[in-house]
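Residue-level structure breakdown
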Amino acid sequence: MNEFLHMFSFHFMQRALLVGGLISLCAALLGVSLVLKRYSMIGDGLSHVGFGALAIASALHVAPLAVAIPVVVVTAVLLLRLSQNSRIKGDAMIAIISSSALAIGVICVSVTTGMNTEVSSYMFGSILSLSRSDAILSALLLFVLFYPRLFAVTFDETFSKATGTRTELYNTLLAVLTAITVVLGMRMMGALLISSLIIFPALSAMRVCRSFKSVVLCAAGLSLLCFTVGTIASYLLDTPAGASIVAANLLAFCACCLIGKK
């Protein structure tokens, strides 16, 4: 208990819990929309694109986020447009772009800086690398996410289009918000695990809830709970933070499946 209480006395842990909680909440809210629109793997694809962009930024010695955010945002919008208007469907397009970007990033790292600490933190995650700028961006994302028409377009896009809602605009907004969340989440979870923050809370909530509103609220609560439990377990057990958070989400998903059956 003393060690548990002592954990909250560290400034970096306070910042990690605050920023990580905001990112987890953003990812969960976006995850509900993405899972319902069958774009649940877009987080995995965009994280690989982000890793490629960050590797190039590291090689050029420029600010990582200044390169990664525009590249990932453009990729997210292109994925949305191409999957709607191309013969190559969404999942195949995501696989092509993600594998190509990851390969470019690995090649860039191998011929320039090598696998240094900064590149490794983006690949596998480092929750202690979260900064104040990440907190500001996460808070702004959370504010925008509560815009009701974004959820209306997700829940019934055909009806929204019939009533005059600019569905393409809100779909683009969804892609942009997802891209920024993925880039921020990579610092915490790593490129290999960031998609879990998007997928797990939404799927868990759908096992026990039936209405759209209840799924959103349940996913948000589960995401915050699993993040907090995973982070505390990581500190007490000296395990990787990203993997511990995913393990907590997996346990929550199994529990929701059992509750849903009853």
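Keep in mind the model is a prediction, meaning the values are calculated, not measured.

Turning to the nonpolar core, a few remarks are in order. Of all hydrophobic cores here, the largest spans 48 residues; its most connected members are Ile42, Leu46, Met186, Met189 and Leu197. Among the secondary structure elements, those contributing two or more residues to this core are helix 2 (11-36), helix 3 (42-60), helix 4 (64-85), helix 5 (90-111), helix 10 (167-189), helix 11 (194-208) and helix 13 (241-261). The leading source of residues in this core is helix 10, at 11 residues. Grouped together as the second largest cluster of nonpolar side chains are 13 residues, Met206, Val215, Ala219 and Ala220 included.

In this section: helix 2. The periodicity of an α-helix, 3.6 residues per turn, causes residues three or four places apart in sequence to face the same way. The first and last C-alpha atoms of helix 2 sit 38 Å apart over 26 residues, in line with the 38 Å expected at 1.5 Å per residue. Along helix 2, 20 of the 26 residues are buried, which leaves the element largely enclosed by surrounding structure.

Turning our eyes to something else, we now look at the packing of helix 3 against helix 11. Packing of helix 3 against helix 11 brings their axes to within 8 Å, and their N-to-C directions diverge by 165 degrees. Comparing the axis directions of helix 3 and helix 11 gives the class roughly antiparallel. Note on packing geometry: the crossing formed by helix 3 with helix 11 is right-handed. Along the contact surface, helix 3 presents Gly43, Asp44 and Ser47, while helix 11 presents Ile194, Ser195 and Ile198. Of the residues that constitute the contact of helix 3 with helix 11, the class distribution is two nonpolar, three polar and one charged.

The next subject is the confidence of the model for the protein chain. Residues of the protein chain with pLDDT of at least 70 account for 76%, and the chain-wide mean is 79. Confidence, expressed as mean pLDDT per element, reaches its minimum in the protein chain at helix 7 (residues 132-145) with 64 and its maximum at helix 13 with 91.

On to the packing of aromatic side chains, then. The description of two aromatic rings rests on the distance between their centres and on the angle between their planes. Within the structure shown, the criterion is met by one aromatic pair. Considering the side-chain rings of phenylalanine 200 and phenylalanine 253, the 6.1 Å spacing of their centres and the 65 degrees angle between planes classify their relative orientation as edge-to-face. You can see phenylalanine 200 sitting in helix 11 and its partner phenylalanine 253 sitting in helix 13, a full 53 residues away along the chain.

This brings us to empty space enclosed by the protein. A probe as big as a water molecule, rolled over the atoms, marks out the empty space that is left. Inspection of every chain in the model, using the stated rule, returns two cavities of 30 Å³ or more. As a volume, the largest cavity reaches approximately 70 Å³. Residue lining of the largest cavity: Leu34, Lys37, Tyr39, Ile42, Ala76, Leu80, Asn171, Leu174, Ala175 and Thr178, and that is the complete set. Counting residues per element, the ones that place at least two in the lining of the largest cavity are helix 4 and helix 10. Counting residues per element, the lining of the largest cavity draws most heavily on helix 10, which supplies four residues. Its residues assigned to classes, the lining of the largest cavity shows seven nonpolar, two polar and one charged.

Moving on, we come to unusual backbone geometry. For residues other than glycine, phi is negative in most cases, and the peptide bonds are mostly trans. Of note, aspartate 238 is a non-glycine position whose phi angle comes to about 60 degrees, a positive value. As for its position among the elements, aspartate 238 is in the loop between helix 12 (212-237) and helix 13.

A few words now on the packing of helix 10 against helix 11. In contact at an axis separation of 7 Å, helix 10 and helix 11 are set at 110 degrees when each is read in the N-to-C sense. Considering the angle they form, helix 10 stands roughly perpendicular to helix 11. Contacts between helix 10 and helix 11 involve Val182, Gly185, Met186, Met188 and Met189 from the first element and Ile194, Ser196, Leu197 and Ile198 from the second. The class makeup of the residues in the contact of helix 10 with helix 11 is seven nonpolar, two polar and no charged.

Cut-offs and rules
Residues numbered from 1 in each chain as written. Predicted model: local features only at pLDDT ≥ 70, side-chain atom pairs only at ≥ 80, totals over all residues. Heavy atoms only, no water. Core = buried A, V, L, I, M, F, W, Y, C linked by side-chain atoms within 4.5 Å. Buried < 20%, exposed > 50% of the residue type's maximum accessible area, 1.4 Å probe, protein only. Helix = DSSP H or I, 4+ residues; strand = E, 2+ residues; numbered from the N terminus. Expected span 1.5 Å × (residues − 1). Axes fitted to C-alpha atoms, helices over the stretch in contact; angles between N-to-C directions. Parallel < 35°, antiparallel > 145°, perpendicular 65-115°, else oblique. Left-handed = near helix turned anticlockwise from the far one by under 90°. Contact = heavy atoms within 4.5 Å. Nonpolar A, V, L, I, M, F, W, Y, C, P; charged D, E, K, R; others polar. pLDDT = per-residue confidence, 0-100. Phe/Tyr/Trp six-rings, centres within 6.5 Å; stacked < 30°, edge-to-face > 60°. 1 Å grid on protein atoms, 1.4 Å probe; cavity = no way out; pocket = protein on both sides within 12 Å on 5 of 7 lines; lining within 4 Å. Points joined across faces, edges and corners; volume = space filled by probe spheres on them.

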